[in-house]
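Working through the structure, step by step
The lines below spell out each chain.
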Amino acid sequence: MMTRVIKTTTTGRGLKKLLLVALMILSSMTGKAQFNTDRLLMVGQSALYYEDYVLSIQYFNQVISAKPYLYEPWFYRGLAKFYLDDYQGAENDCAEALDRNPFVVSVYELRGLCRIRQDNFAGAVKDYDKALKYDPENRNLWHNRVLCHIQQKEYDVALAQIDTMLTRWSKNAKVYAMQAEVYMLQKDTTKAVVALDKSIAIDPYDGSLWSQKAIISMARHQWKESDEYLSKAIHLMPKRVDCYVNRAIARFNLNNLRGTMADYDTALDLDPNNFLAHYNRGLLRAQVGDDNQAILDFDFVLNLEPNNLMALFNRALLLENTGNIRGAIRDYTKIIAEFPNFWFGLQHRADCYRKLGMSKQAELDEFRIFKAQMNKRLGIQPRLSKKQMRKRSDLDIEKYNQLAVEDVQEVEHEYQSDYRGRVQNRKASLDYLPMFVLAMQKDVERMNATTAFDQRVDDFNRNEGGTRQLYVTRQLRTLDEAATNRYFALIDSVADTIDKCHDAKQKAALLLIRAVAYSDTQNNEAAIDDLTAVVQLDSTQTLAYWQRAVCQARLNAFNASQGTDISMKTANVLSDLSEAIENNPSAILYYNRGNVYVQRKDYLHAIEDYSKAIEMDSHLAEAYYNRGIARLALKQQAQAVADLSKAGELGLYAAYSIIKQNRK
């Protein structure tokens, strides 16, 4: 095979020019690649911020494929896996990130959390030790490392590290709380109370501190103090089930049966499968004569634990009382098979046999009792013992009528993290509902409310959308891998069509569709670029202004979480929505602009826009809901409740819980 050689001649100056051009081309290509990977990384972070974890992983995968030597995509992919509970996968990605850059504290911190979730506390300590070499003043690292030592029962090490923390952060309530926990584990309740009192003096609004103090009081049978401390804990943490269960025990010992029952009811409202609440409520119902309801509680317990003999015996007594004799015999027989010398159970089964006329079986049971306990008087069913409780693991059948408590009243550990984003910062209540956005997927969040509708979207679908339909939603669905790949394929196919299109109107429609697909995949910057092109082609296209405003608002929220000043960009959002309203006003556009005013804490203008939205669409539940919360911010109680009530009536049932909370 011959190779053809082409000879060229050039001067030294020409050679330099050629080399310079080549370097410029290479530089521009490198810059473009850098820009693309930077953009992909940022889009992945945005998807991560909006909790679209599978989608974010797809973006980070692309960056890793292009530039596997960067540590950031490995780290962020690990963070996404962490939120998906793939702790081993997250730990592996952190290891890859550290191979590329072993000096990043946040990667050690994340890997430490992954190891904690896998009960590898020794491994987590190693990560925190390493991270603290680079950032010795990081309080979160100290906090988590101490908790790991506690989990490993290294109490002396934990106390020594707590002493160091107290020299640095003497006004930190959580440090004293950890110190109190260690003292409790060492059975030194006196020192634990002293540490807790110091912690509460610094932060009296931490409900977990009052709960810890109540646990000590319960162990000392100081029921009045326990009730008081748990009431404070519940006021600060109204959804902690264990606080209600513990307060119920305290109240029972104070003869406050009504309060006890109320606490068990509340605990089961919050956690319908709570074993202790069902079991103890069943005992309480049996004591007050509510036998049928008590049976239901023990039925539930036995569904959870079919071999729980304590619950089985209590149900047998109740079945006997309510006339279900054969059911009672069935339960008694199971218990006697496990405890052949349980004379109280034998006596009850004998009584049941006699009620059914089964004298032979009754006599056999009575003879067993007589032979073993000839001189012992058989008593009637004892009442629920007030001053006694049994551990849940205590299987002594003689304690069948004692309230059950957890074997160990553990303190709930809260590991600290500085990761910013909606996962960490989302509030439990009083969140405004988000803007309505165009999407290529149907709304899944408004099943109980009327369907969001906008005439312009309908017109676009009918006249320009073709097979690609747009929908109105206020909550984008998270995408799995298959859906993500479909979207990417759609974006590529629309891009090919756009390149071949020469009709301005058709091109604008295609750009709008691609922009919506970009926003569905959290690529808000690319969406904004396409929407800007749409507006340049057609300055009256209301849908483009609407979508661009929402994409910019979502981008703003992400940028704000990274510490970026977004005041100018927020003005752009207002400008786009105002332009859309001027072109073609609608309830949804007024609602969206009201949300922007709320973000700026301009509640009066927000309420004005929500009111206009309601004037145009009296069934827009979201407008009532958000106006109600805005009115709460202005202390307009009566009007707020009326709005939230209407929102609930229209299907947004979360409004009722806000009304209830606010009235409390």
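Residues numbered from 1 in each chain as written. Predicted model: local features only at pLDDT ≥ 70, side-chain atom pairs only at ≥ 80, totals over all residues. Heavy atoms only, no water.

Here we come to the packing of helix 9 (residues 173–185) against helix 10 (residues 189–202). Packing of helix 9 against helix 10 leaves a shortest axis separation of 8 Å and a crossing angle of 165 degrees. Here helix 9 is positioned roughly antiparallel relative to helix 10, judged by the angle of their axes. Viewed along their axes, helix 9 and helix 10 form a crossing whose handedness is left-handed. Residues A173, K174, Y176, A177, Q179, A180, Y183 and M184 of helix 9 touch helix 10, and the partners they reach there are K191, A192, A195, L196, K198, S199 and I202. (Axes fitted to C-alpha atoms, helices over the stretch in contact; angles between N-to-C directions. Helix = DSSP H or I, 4+ residues; strand = E, 2+ residues; numbered from the N terminus. Parallel < 35°, antiparallel > 145°, perpendicular 65-115°, else oblique. Left-handed = near helix turned anticlockwise from the far one by under 90°. Contact = heavy atoms within 4.5 Å.)

Further remarks concern the nonpolar core. Ranked by size, the top nonpolar core spans 199 residues in total, and within it W546 and Y625 carry the most contacts. Considering each element in turn, this core owes the most residues, ten residues, to helix 24 (residues 504–520). When near neighbours in sequence (up to four residues on either side) are disregarded, W546 contacts F436, V437, L438, D454, V457, V472, A580, I588, L589 and N592. (Core = buried A, V, L, I, M, F, W, Y, C linked by side-chain atoms within 4.5 Å. Buried < 20%, exposed > 50% of the residue type's maximum accessible area, 1.4 Å probe, protein only.)

Before going further, it helps to spend a moment on the environment of I202. With respect to the element layout, I202 can be found in helix 10. Apart from the residues within four sequence positions on either side, I202 is in contact with S170, K171, N172, A173 and Y176.

With that settled, consider empty space enclosed by the protein. Inspection of the entire model under this criterion finds two cavities of 30 Å³ or more. As a volume, the second largest cavity reaches approximately 30 Å³. Contributing to the lining of the second largest cavity are M42, V43, S46, Q522, N523, N524, E525 and L555. Of all the secondary-structure elements, those providing two or more residues to the lining of the second largest cavity are helix 1 (12–49) and helix 25 (524–537). It is helix 1 that provides the largest number of residues to the lining of the second largest cavity, a total of three residues. (1 Å grid on protein atoms, 1.4 Å probe; cavity = no way out; pocket = protein on both sides within 12 Å on 5 of 7 lines; lining within 4 Å. Points joined across faces, edges and corners; volume = space filled by probe spheres on them.)

This part covers the packing of helix 2 (residues 53–66) against helix 23 (residues 481–500). The axes of two packed helices give the description: the angle between them and the distance between them. Their axes nearest at 9 Å, the elements helix 2 and helix 23 cross at an angle of 60 degrees. Taken together, the axes of helix 2 and helix 23 are oblique relative to one another. Both helix 2 and helix 23 take part in a crossing whose hand is right-handed. Across from V54, L55, Q58, Y59 and Q62 in helix 2, the residues of helix 23 making contact are E481, T484, N485 and F488. For the contact of helix 2 with helix 23, the per-class residue count stands at four nonpolar, four polar and one charged. (Nonpolar A, V, L, I, M, F, W, Y, C, P; charged D, E, K, R; others polar.)

What follows covers the side chain of R554. Its place among the elements puts R554 in helix 26 (residues 542–561). The buried charged residue R554 lacks any salt bridge, with D52 as its nearest oppositely charged partner at 6.8 Å. Look past the residues within four positions of R554 in its chain and what remains in contact with it is Y50, L476, Q522 and N524. (Lys, Arg positive; Asp, Glu negative; His and termini not counted. Salt bridge = Lys/Arg side-chain N within 4 Å of Asp/Glu carboxyl O.)

So, on to the environment of D454. Residue placement: D454 occurs in the loop between strand 3 (437–439) and helix 22 (455–465). In sequence terms D454 and Y471 are 17 residues apart; their C-alpha atoms lie 9.0 Å from each other. The residues contacting D454, other than those within four sequence positions of it, are V472, W546, S586 and I588. A distance of 2.6 Å separates a polar atom in the side chain of D454 from a polar atom in the side chain of R456. (Polar contact = N/O pair within 3.5 Å; in protein donor to acceptor, adjacent residues only side chain to side chain.)

Any region with low pLDDT has predicted coordinates that should not be read closely. A residue-level look at the protein chain finds 84% of positions with pLDDT of 70 or above and a mean pLDDT of 84. This stretch, residues 377–387, has a pLDDT under 50; its non-local contacts, to residues over four places away or in other chains, come to 28 contacts. Within the model, the stretch residues 420–429 combines pLDDT values under 50 with 16 contacts to residues more than four positions away or in other chains. (pLDDT = per-residue confidence, 0-100.)

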